[in-house]
Amino acid sequence: MEPLEETLNHLYPDRVIRLDDRNSIPGNEYMVYVLGHNNIAIVVGHGKRNRAAVIFDDLNRKTPAHLKALLVRIYRLLNNSGFDRFIISCGDKNAAKTIEKHLHNEIGGNSCAIPEPLMKSLTDGIRDDYALLFLNLAACSSFDGLHDLRKWRRKGLISDSTWGVLSKKLRLEELNWN
C-alpha cells in the first residue's frame, strides 16, 4: 500500500475506496474525495459524484465550475503520472464536511495555490506579459480559473495572440469544456 492510502485507511478503516476510473465514482451519495500525487494529497473535497469527478480531470476533460480544476490541470500537464484517487463514503453532507475538515488537518489538500516549482515550469518561456498576467489571475481565482480564462476571452479581455499563448501552454484546444 502507498503511504497516503495507509494514512487514509488508518484514519477511516474499511471506508476507503481506491478508484481507477471516473465511472467507478458512486452515484447519488455524499463522499469525501482525495486526489494524491506521489503520496501527497493535492485535492481533498466533499460532495457527490459531480464534485468528485475533479479527481479524474485530464487534458481532455475538466469538471465544470470546480475551484481546483486549474490546479489539477497544471499537475496533469507537468506530471502526468503518480496519481491516486480515493473516496470515503459518507452518510450525509455533514459527515462528509467533518471528514473533509479532519483530512485537511491530517494530510492537507485544501489549498488551491499552485506550488511555486509548478508555476515556474508553467510560465517558463512565456514572453507575452498579458498571458503571464491572465495566467496568474486565473491561478488566484476564487472560482474556477479555467472558466475565468474562457469568460475573459469571450468578453474580449484576452486578445487573439495572448489567447494563443495561453491555449498552447495550457493545451486548451484539447479540452472538452462540458
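Residues numbered from 1 in each chain as written. Predicted model: local features only at pLDDT ≥ 70, side-chain atom pairs only at ≥ 80, totals over all residues. Heavy atoms only, no water.

Here's the deal with the overall build of the protein
Here is step 1 of the chain: Helices and strands together make up the secondary structure of the protein, namely eight helices and four strands.
Here is step 2 of the chain: Against the globule reference of 16 Å for 178 residues, the protein gives a C-alpha radius of gyration of 17 Å, in line with a compact fold.
Here is step 3 of the chain: Viewed in the frame of its principal axes, the protein has a C-alpha envelope of about 50 × 30 × 25 Å.
Here is step 4 of the chain: Classification of the 178 residues of the protein by burial places 47% in the buried group.
Here is step 5 of the chain: Within the protein, contacts between residues separated by at least 24 positions form 68% of all contacts whose residues are at least 6 apart in sequence. (Helix = DSSP H or I, 4+ residues; strand = E, 2+ residues; numbered from the N terminus. Rg over C-alpha atoms; globule rule 2.2 N^0.38 Å. Buried < 20%, exposed > 50% of the residue type's maximum accessible area, 1.4 Å probe, protein only. Contact = heavy atoms within 4.5 Å.)

A short note on the packing of helix H6 (residues 129-139) against helix H8 (residues 160-170)
Here is step 1 of the chain: As a packed pair, H6 and H8 sit with axes 8 Å apart at the nearest point and diverge in direction by 55 degrees. Relative to H8, the element H6 lies oblique. For H6 against H8, the interelement crossing comes out right-handed. Of the residues in H8, those touching H6 at Tyr130, Ala131, Phe134 and Leu135 are Thr162, Val165, Leu166 and Leu170. (Axes fitted to C-alpha atoms, helices over the stretch in contact; angles between N-to-C directions. Parallel < 35°, antiparallel > 145°, perpendicular 65-115°, else oblique. Left-handed = near helix turned anticlockwise from the far one by under 90°.)

Considerations on the nonpolar core
Here is step 1 of the chain: One finds Leu149 and Leu170 to be the most contacted residues of the largest nonpolar core, which totals 41 residues.
Here is step 2 of the chain: Every element with two or more residues in this core is listed here: strand E2 (31-37), strand E3 (40-47), helix H3 (69-78), strand E4 (83-89), helix H5 (116-123), H6, helix H7 (145-154) and H8.
Here is step 3 of the chain: In this view, Leu170 contacts Leu70, Arg73, Ile74, Leu77, Leu122, Leu135, Leu146 and Leu149; residues no more than four positions away in its chain are not counted.
Here is step 4 of the chain: Listed in part, the 15 residues of the second largest apolar core include Leu4, Leu8, Ala96 and Ile99. (Core = buried A, V, L, I, M, F, W, Y, C linked by side-chain atoms within 4.5 Å.)

Concerning the pattern of salt bridges
Here is step 1 of the chain: Overall, the coordinates contain seven salt bridges when judged by the stated rule.
Here is step 2 of the chain: Through salt bridges with shared partners, a single ionic network connects Glu5, Arg18 and Asp84. (Salt bridge = Lys/Arg side-chain N within 4 Å of Asp/Glu carboxyl O.)

A look at the pairing of E3
Here is step 1 of the chain: For E3, the tally of buried residues reaches seven of eight residues, placing the bulk of the element in the interior.
Here is step 2 of the chain: Relative to E3, E2 runs antiparallel, the two sharing seven bridges. Each bridged residue has a counterpart across the sheet, and for Met31 the counterpart in E3 is Gly47.
Here is step 3 of the chain: Linkage of E2 to E3, two consecutive antiparallel strands, is achieved through a turn of two residues, within which Asn38 is found at a positive phi near 50 degrees. (Pairing = 2+ DSSP bridges.)

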